[in-house]
Amino acid sequence: MAKEQLMAYEQAIEQFEVVIGLEVHVELNTKSKMFCGCANIFGNEPNTNVCPICIGLPGSLPAVNKKAVESSIAIGLALGCQIAPTGRFSRKNYFYPDLAKNFQTSQYDEPIAFEGKINIELEDGVVFEVLIERAHMEEDAGKLTHIGGATGRIQGAEYSLVDYNRAGVPLVEIVTKPVYGAGARAPGLAAAYVHAIREIVKSMNVSDARMERGNVRCDANVSLRPHGQAKLGTRTETKNVNSLRSVENAVRYEIQRQAHILANGGTITQETRHWHEDRGYTSAGRPKSDADDYRYFPEPDLVPVQPSLAWIEEIRAALPENPAIRRKRLMEAWGFAELEFRDVVNSDLLDQVEATVAAGAAPQAARKWWTGELARLANSQEVAVQDLAITPAQVAKIQQLIDSGELTDRMARDVVAGVLAGEGEPEAVIEKRGLKVVSDDGALIAAIDEALAKQPDVLEKIREGKVQAAGAVIGAVMQAMRGQVDAARVRELILERAK
Amino acid sequence: MSELIHKSASELADLISSKAVSSEEVTSAFFDRSVEMNPKTNSYLYLNRDTALAAAKAADAALANGEKLSPLHGVPIAVKDNLTTTDAPTTSGSKILEGWVPQYDATVVAKLRKAGLPILGKTNLDEFAMGSSTEYSAYGPSKNPWDLSRIPGGSGGGSSSAVAGHLAPIAIGSDTGGSIRFPAAVTGSVGAKPTYGAVSRYGLIALASSLDQIGPVSNTVLDSALLQDVISGHDKHDSTSLPQSLGSMADAVRNADVKGLRVGVVKQLDSDAFQPGVKACFDDTIAKLVAAGAEVVTVDCPSFEYAIAAYYLILPAEASSNLAKFDSVRFGLRVTPDGNPTIERVMAATREAGFGPEVKRRIILGTYALSSGYYDAYYGSAQKVRTLIQQDLAKAFSQVDVLLTPTAPTTAFKIGEKVNDPLAMYLNDIATIPANLAGIPGMSVPNGLAAEDGLPSGVQILAPAMQDAQMYRVGSIIEQMYLAEWGAPLIAKAPKLEVL
Amino acid sequence: MSEITPDLVRHLASLSRILVTDEEVETLAGELGLIVESVATVTQAVKGDVLATSHPIPMANVFREDVVEPSLTQESALSGAPDSAEGRFRVAAILDEE
């Protein structure tokens, strides 16, 4: 199937109002699955994290993972939702080979969280309030691999293989209300929203939030209507948009595609569409029809979830600060330039810098360590900078020794290397490696005199005004003192001798 | 040793624990009897001498070490074939599961093994427990030991015919709308459906999850009580299993006393709808209780009128979803149509070939009841009827300790008589269904032979939720009254099954 | 005329993934029509506000702790499958999207 005809984006926005709605699935990072004790692990051998419950053997029954409920409540609270005093699981009935029981245990008319909102700030500083309709708990499906045919795709495949390791992994589905008025910003807003959800669940440590692993997945609803029309247009639901760029591009594509159809007197089919990241277009799936009669009914094998107020408040109290609010607060407190701050954020080093500052380092110094020397070391060791074997407190301590003149910058880098090499705390490394600024000028003066004796013309040149001649002696002295002196102090002493 | 097969489970347990006889001898005796009689009764779908005798020997060895694992230690048992067993195929009476050996034991099966009860085999049932005669079993009907041309009740007709025919001293059944109690009534045996949640359903191949309950089948009230004590208790694998213990049913039986007993007769279940002989037996039971000093009043349960209708919406709805997993992917039958079919067609062809007509009927009915546009009117209303029935029962139990009804409208009917008339078949459960809808315990105890056909009749005892002990108390009182009259259990009047 | 038409039966059978012949459709439509007529009495049973009972014994908040328990081996998981390959359940091609 080829790309369809599109209207120019600006023209589409001019002619139509864009309404979007987003459904984001978040895989929780609980130890075990939603309804059974199988490990919730990515990447194991197929069908090794399965049991009678998650492969739906006859007679098996589900049992709800308490931690998954707790994480779901936490997500609801973080999105400003109300938590339902009574929530219930329901069965969503449809046949598909990746669905072991041929029904998905989900929530229908009694979701655990509802009626929330979240502010999304776009890059140009415009803030949108996105209303959350609901967040509900459900289970993930297994994984299908299509064999034969051209590209491993579903069409043309000879047969398919099913791995149920992912079946029963807990999911929270977050559904927005229709978002109006974003206009040309709709695609960017969609991506920023998904980014914000990802950031929030990551900050809460309820999900690994890795989009490339499918921990966060998005379905994007798009509809258009002529400006001023009250009735909503027919929407399409684009699935499989699993990167932030895809979200933005898919929404943009659907706006242009639908605009072309509508402007030419056509009608939009309510359907599921699939996003093809490689070639940048959506294609039609099955049209919505009676076949989507999911026959929801309350899951009779499970009892209602009725979280107590005390439990909810306990979860609320443990919530981390909203990442966007936190960023705003830290940027102000640290006084960084915007570029400097973005560098920290993009490198995912906010936690490290904040902790280093909290341990006593100046914000700029903390930033320089983490985005500079430490990032470089991490890169050369091929590890994430966050995974380096040095703590923010240790970094702060080393910086403090520089500030007090006990370490030179070069020595400090040595200390860092020692800490990373497992030689212990900074003080122990300094002790072991004999790294200490020599503060006894006697030894230093002797070294300077010795160096000057070898280059007798230097003092003369200085006296003639060629101060840069001191450089050669400084180098020799530093070498003689194995770097454990402050270069500025050496220079000062040489100039004194020349007087 | 053949007289062993006529003894009750509690008598056998006493003999085994006193080492007068070994579990191996008892198990052998029942096994030999089963091998001989099963061709006539079709009680068992599967028998395995090796595993049964190995378990019996292990029970004997434990006893020799001074370990008595339960009050039924060493007593062999039959298990309905809708409970998963790792050492025996589990079919639930369906072709779609033929040959499947489960990867796990049902909680009840695990409890039986731990309690030292050797499992003789797996008993026949209507396919997926849908039916009241075993005629819907894919493996042919079981026969009633009282008259081999008649049904042994259903869906648990394999268990009831095994117990009534002395192919097993006790058996496990499951009861969704009467599948333990109806077979017990028509075979002159005892069967109890505990309070919903008293026994774990983990490993019970679900029919209707909110109605299903596992329970005992036996020839005496004490045997059922002992067995319920073995299999009940909270199970973390069943979220609907009760957290609390309901006490000892065996104690309730042993200490049964009619003093102060208040009995209710349900107006809606005391009518001409019952076969005259069945009605006469019921009236006789009531008269005996009054004579013994019980207070008997009539109670009104107007919502019972809607029980069958509600049941035949809730059950198919839940079943249509529970049976969706039979799709040819992970276990069971696969039928691949000609050509190059898609998985959708393979699934549809498999389910067409693997399910019998009654199962298909109920799946399609349930799909209808849940589909959009009909849900509120059908499934929604049916769930509200459950509330009304609970309210009626709450009112009734504020006046009386137990309710009594005839268990079944008729005695055992002829095989083939109702098999093509689903609606007539559904009426067999008219008295038993309210207990499942409300979650309360109910049991059937033999109360005589109907005058017109000489076939057994049963009286049903219903007690409030959690008060299973009250039910067993009254069951024991009634049993003792008849024992005094007959001098032996009703089952002793059954014709002797002889090898052809 | 019953509301259970042959077309409705066909649709329900398709939702239920059960292959039905035209003959079966006719039979089922007749049988289901009678049953539905009979069970439809529930719609008259309820007057006024009545709560639905989806669970006979009211309970709430039954949870398991987030603890990993042993899984089946791959061999055991696949042991009952009609067909498998490469450690996975093998099924016919799926007719679906695209």
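Residues numbered from 1 in each chain as written. Chains lettered and ligands numbered in written order. Predicted model: local features only at pLDDT ≥ 70, side-chain atom pairs only at ≥ 80, totals over all residues.

**Topic: the overall build of chain C**
Rule in force here: Labels follow the DSSP assignment, with helices taken as runs of H or I lasting at least four residues and strands as runs of E lasting at least two, numbered in each case from the N terminus. We compute the radius of gyration over the C-alpha atoms and compare it with the globule rule, which gives 2.2 Å times the number of residues raised to the power 0.38.
In terms of regular secondary structure, chain C is built from four helices and three strands. Counting helices and strands in the order they occur from the N terminus, chain C gives α-α-α-β-α-β-β. Computed over its C-alpha atoms, the radius of gyration of chain C comes to 22 Å, more than 25% above the 13 Å expected for a compact globule of 98 residues. Projected onto the principal axes, the alpha-carbon positions of chain C cover approximately 55 × 45 × 30 Å.

**Side note on the packing of helix α13 (residues 441-454) of chain A against helix α15 (residues 470-480) of chain A**
Residue and element names in this part refer to chain A. How we decide: Working convention: axes come from line fits to C-alpha atoms, limited for helices to the stretch in contact. Angles between N-to-C directions cover 0 to 180 degrees. With respect to orientation, any angle under 35 degrees is reported as roughly parallel, any angle over 145 as roughly antiparallel, any angle of 65 to 115 as roughly perpendicular, and every other angle as oblique. Each crossing gets its hand from how the near helix is turned against the far one by less than a right angle, where anticlockwise is left-handed and clockwise is right-handed. The contact rule is simple: place each C-beta atom from the backbone, and if two of them lie within 7 Å, those residues are in contact. Classification convention: Asp, Glu, Lys, Arg as charged; Ala, Val, Leu, Ile, Met, Phe, Trp, Tyr, Cys, Pro as nonpolar; all other residues, Gly among them, as polar.
One can describe the packing of α13 onto α15 by two numbers: an axis separation of 9 Å at closest approach and a directional angle of 130°. The angle between α13 and α15 places the two elements in the oblique class. When the axes of α13 and α15 are compared, the crossing they make is right-handed. Residue-level inspection shows Ala 447, Ile 448, Ala 451 and Leu 452 of α13 in contact with α15, the latter providing Val 473, Ala 476, Val 477 and Ala 480. Its residues assigned to classes, the contact of α13 with α15 comprises eight nonpolar, no polar and no charged.

**A word on the sheet that holds strand β9 (residues 402-406) of chain B**
Residue and element names in this part refer to chain B. Spelled out, the test is: In short, DSSP must find at least two bridges between two strands for them to pair.
Spatial ordering of the open sheet is given by β1-β3-β2-β4-β6-β5-β10-β11-β9-β7-β8, a layout of 11 strands whose pairing is mixed. Each having just a single partner strand, β1 (44-47) and β8 (295-299) make up the two edges of the open sheet. The sheet shows a mean angle of 30° between the axes of neighbouring strands, taken without regard to direction. Note that β9 and strand β11 (residues 456-462) share four bridges and pair antiparallel. Across the sheet, Thr 405 pairs through a bridge with Gln 460, a residue of β11. Helix α9 (residues 276-292) contacts β7 (262-266), β8, β9, β10 (442-449) and β11 of the sheet and is inclined by roughly 105° relative to β10.

**So, α15 of chain A**
Selection criterion: Exposure classification rests on a simple neighbour count of other C-beta atoms within 10 Å of a residue's own: a residue reaching 20 or more is buried, one at 12 or fewer is exposed, and one in between is partly exposed. C-beta atoms are placed from the backbone. Throughout, the arc means that of the directions going from the helix axis to the C-beta atoms.
Buried within α15 of chain A we find Ala 470, Val 473 and Val 477 of chain A. Viewed along the axis of α15 of chain A, the buried residues span an arc of 65°, placing them on a single side of the element.

**Quick look at the interface of chain C and chain A**
Each partner contributes residues to the interface: chain C has 34 residues there, and chain A has 43 residues. Mapped onto the side of chain C that touches chain A, the elements with two or more residues apiece are α1 (6-15), β1 (63-64), α4 (74-78) and β3 (88-92) of chain C. Tallied by class, the residues present in the side of chain C that touches chain A amount to 16 nonpolar, seven polar and 11 charged. Summarising the sheet, strand β9 (residues 159-163) of chain A and β3 of chain C pair through four bridges and their orientation is antiparallel. The partner of Ser 160 of chain A across the bridge, within β3 of chain C, is Val 91 of chain C.

**Some words on the confidence of the model for chain C**
The condition that has to hold: Residue-level confidence of the predictor is what pLDDT reports, using numbers from 0 through 100.
Taken residue by residue, chain C gives an average pLDDT of 91. The fraction at 70 or more is 94%. Across the assembled chains, the prediction reports ipTM 0.96 with pTM 0.90.

**Considering the packing of helix α10 (residues 392-403) of chain A against helix α11 (residues 409-420) of chain A**
Relative orientation and spacing of two packed helices are given, respectively, by the angle between their axes and the distance between those axes. Residues and elements named next belong to chain A. Contact pair α10 / α11: the axes reach a minimum separation of 10 Å and the direction vectors enclose 155°. One way to sum up the angle between α10 and α11 is to call them roughly antiparallel. Handedness of the crossing formed by α10 with α11: right-handed. Contacts between α10 and α11 involve Gln 394, Ile 398, Leu 401 and Ile 402 from the first element and Asp 409, Ala 412, Val 415, Val 416 and Val 419 from the second.

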